[in-house]
Amino acid sequence: MKLSKADVLKQLEGQLEAAIVLPQVCFTLAMWLKDASSLLDRFFEDTHWSNENLVVRSSGMAEDGENASLAGHFDSVLNVCGRAALQSAITQVVASLEQKNINDQIFIQPMLSDVSISGVVFTKEPSTHSPYYVINYSQSGSTESVTSGSLNENLVYIAKCQSGNAKADWHRVLLRLCSELELLFENDSLDIEFAFDKQQQLYLFQVRPLVLVNESTMPIVNSKSRHQLLLERVYATISRLSKPHPYLNGAKTLLGVMPDWNPAEIIGIRPNPLALSLYRELVTNSTWAYQRNNYGYKQLRSFPLLVSLAGLPYIDVRVSFNSFVPADIPSSLAEKLINYYIEQLQTSPEKHDKVEFDIIFSCFTLDIDKRLLVLKDVGFEENEISQLTSSLKTLTNNIINPNGLWSKDILKIESLPARRQTIVDSDLTSVEKIYWLLEDCKRYGTLPFAGLARAGFIAVQLLKSMVTEGILTEGNYESFMRSLETVSSNMAKDKVNLSFSAFLEKYGHLRPGTYDILSPRYDQAPEKYFNGKDSHSNHQICEDFSLSLKQLEKLKSKLEDLGIEHDVISLFRFIKGAIEGREYAKFVFSQSLSDAIYLVEQLGDEIGFSKSDMAFCDISALYKAYSSSDDIQTLMTNSIIEGKLLYRDTQTLILPPLITDADDVYCFKMPEGEPNFITLLKVVAHTSVDLDDIDSLEGKIVFIPAADPGFDWLFSHNISGLITKYGGANSHMAIRAGELGIPSVIGAGEVLYNKWKSAALLELDAGNRKVVVLR
């Protein structure tokens, strides 16, 4: 017979070495209903702690099962004092027992005072079943969030294979309790509620089986030793990358999922092998560095930007930061800059998705003198700051030139659709078409897109600096963003004005996961994204933008004083053209990529592999099939088998979004993050996390994991707000939300995203940069 929560705690009382279990008085629902008054009499007569503050807790027969814990489902009443209050509290707890069983129990314990830390620890990661201790804790001084089941504050992961090296003293004490309970219960999957008092004494509130998701869908963790081997390999890789390199400035590196080219936003933190290999082939192996060098930055063409840690994509931050140094900066100054940038990011990890805005200096802006003052405070010489200023000004003037690379990149991207159509209409084999679609996508797609992305960032930086300098207001900035005519804003109009077949002909190649074969294209599953309603969006599109004569004169004078070699009109023409050009380039290259992915799917059908199987292949296998006489069936079989084995490992690893030290592989605290708020507007609305129920999206604050452009279909459903887990201040969805005037949080981070996602009603106040859980 299964022991109840109260029975378990009673058996453990006085028996544990690592923690104290508070005393209790327990009775059944039948006993309470039969004679509540006598129960209360005996409690106050026989219990020496009855006059203290008390907590009344449920111990229902339905609680703490292997299939459902019902944590926080039933009431607990805290800080109860006196007979009348106790009777009322017990009545409240009894009322919360929905399907009442006469054997349900209620138990009373003394209320723990002077709490310093309270929380919940899982002895296995519940989503992946991986061998981690997962500690979710609060330092609020209250145990209320623990007993209610609503805890979501601080999150720490500790790999079991290195649990003895936990960083904090209280971690080590808590993990001793975990080990003790795992042995007692002969179960390595436990859910434990705990608290420490201010004397650092540990108390156990509850222990129950950890309810795991369907194990048939989860990776198999063969053993702790297998997991330890994976972690050791990742540790060794990080240690190797962190060593000094003769061709790189900076003493060490950091690794992050968002600092540059944002893999967490574009392909996710656990992309399937095909998506990861496509992203590396098209962008992060060499294309990124080639175009950045073309735009006047340091040459890093032999350095891959993205590092795969057992399938988890991370940006090598030192490589990234080196690539933002103007090419004419001497190595001694570059060394100081890179070390300073890395130190700043390590100190402020919440800025990992906004490094170009808040940490590094990659372009000239109207407020550059003020921004560079921080370098003087940390030991940079006046001549070094002057040299950096001059280099950034030259670089920026060259980029914003009307005849500069950005305008040539637009011409290059405009040639891609015809080349794509030529390949699609040709008699080439599927493998040949895939190869040439991707090769053209690199040369005429992602390469110019990389340039336009750089120009687009500089455009936004210049615009923001006009606000900082008091030339534009925040309202002017928002108005300008809403004046842009991008592919996304045109898509909203076309959804209304075109026939649905014509709409899909134009936009059907888009998919929410741009690189993901498992993410259906719009034209493959239109019913998934659109409900056929041709209603106009409630959000204004492409409003007029204008400045006063006084603002124009002030900006003209500022440009002349700073030596910006362009007039006001040509500057705004650049800003508008660069931002719109970036979005257009993304739309165009994604068509070639989407067609290539579709052909990969068709190739799988031809040789006997499902779409799900093909998600595990590496694109290099198809490249090899193109350039060799090797058997395609054998190549794909081997690649898929290898990919599935790799992905099984990928699913078992949990790493922080910013790795600052190799030891983070074994123990880290999940950072809360610093969200990017878009617009100055406020909305109160119910939330929606179910994207399959498209008819229910209207008027909701919608949650999506990443700011991928393939999610543009959401804006045809008149959503009231948007919150993404990953995404930068300059990402596609940030621009899109700004265009439409939709209050949004882009890049909330894992902790805040999960906290807000669990709410039913939110107030999203972008102007005041806050989100309030109303229900």
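## As for the sheet that holds strand β5 (residues 105-110)
1) Next: Strand order in the open sheet formed by 4 strands is β2-β5-β3-β4, and the pairing between neighbours is antiparallel. Edge positions in the sheet fall to β2 (25-28) and β4 (77-80), since each has one partner strand and no second. Averaged over neighbouring strand pairs, the angle between their axes works out to 20° when direction is ignored.
2) Next: Bridge count between strand β3 (residues 54-59) and β5: 6 bridges; the pairing is antiparallel. Considered in β5, the bridge of R57 is made with F107.
3) Next: Sitting on the sheet, helix α2 (residues 29-46) touches β2, β3 and β5, and the angle it makes with β2 is about 150°.
4) Next: Helix α3 (residues 83-96) contacts β2, β3, β4 and β5 of the sheet and is inclined by roughly 25° relative to β3.

## Examining the side chain of D197
1) Next: Following the sequence through the fold, D197 ends up in strand β9 (residues 190-197).
2) Next: Here D197 occupies a buried position and makes no salt bridge, while the nearest side chain of opposite charge, K198, is found at 9.9 Å.
3) Next: Of the polar contacts made by the side chain of D197, one reaches the side chain of Y203; its length is 3.5 Å.
4) Next: Each residue touching D197, except ones within four places of it in the same chain, is listed here: S113, D114, V115, S116 and Y203.

## Brief notes about a nonpolar patch on the surface
1) Next: Taken together, the side chains of L428, W436 and Y626 make up a nonpolar region of the molecular surface, amounting to roughly 240 Å² of accessible area.
2) Next: Looking at where W436 falls in the secondary structure, it is placed in helix α18 (residues 430-468).
3) Next: The exposure class assigned to W436 is partly exposed, which follows from its relative accessible area of 33%.

## Quick notes on the environment of L510
1) Next: Looking at the element boundaries, L510 is found in the loop between α21 (500-507) and α22 (526-529).
2) Next: We classify L510 as buried; its relative accessible area is 9%.
3) Next: Between the alpha carbons of L510 and R371 there is a distance of 39 Å; along the sequence they are 139 residues apart.

Parameters and conventions
Residues numbered from 1 in each chain as written. Predicted model: local features only at pLDDT ≥ 70, side-chain atom pairs only at ≥ 80, totals over all residues. Heavy atoms only, no water. Pairing = 2+ DSSP bridges. Helix = DSSP H or I, 4+ residues; strand = E, 2+ residues; numbered from the N terminus. Axes fitted to C-alpha atoms, helices over the stretch in contact; angles between N-to-C directions. Contact = heavy atoms within 4.5 Å. Buried < 20%, exposed > 50% of the residue type's maximum accessible area, 1.4 Å probe, protein only. Lys, Arg positive; Asp, Glu negative; His and termini not counted. Salt bridge = Lys/Arg side-chain N within 4 Å of Asp/Glu carboxyl O. Polar contact = N/O pair within 3.5 Å; in protein donor to acceptor, adjacent residues only side chain to side chain. Patch = residues over 30% accessible without salt bridge, like charges linked within 9 Å, V, L, I, M, F, W, Y side chains within 5 Å. Areas by Shrake-Rupley, 256 points an atom, 1.4 Å probe, with all protein chains shown as cover.

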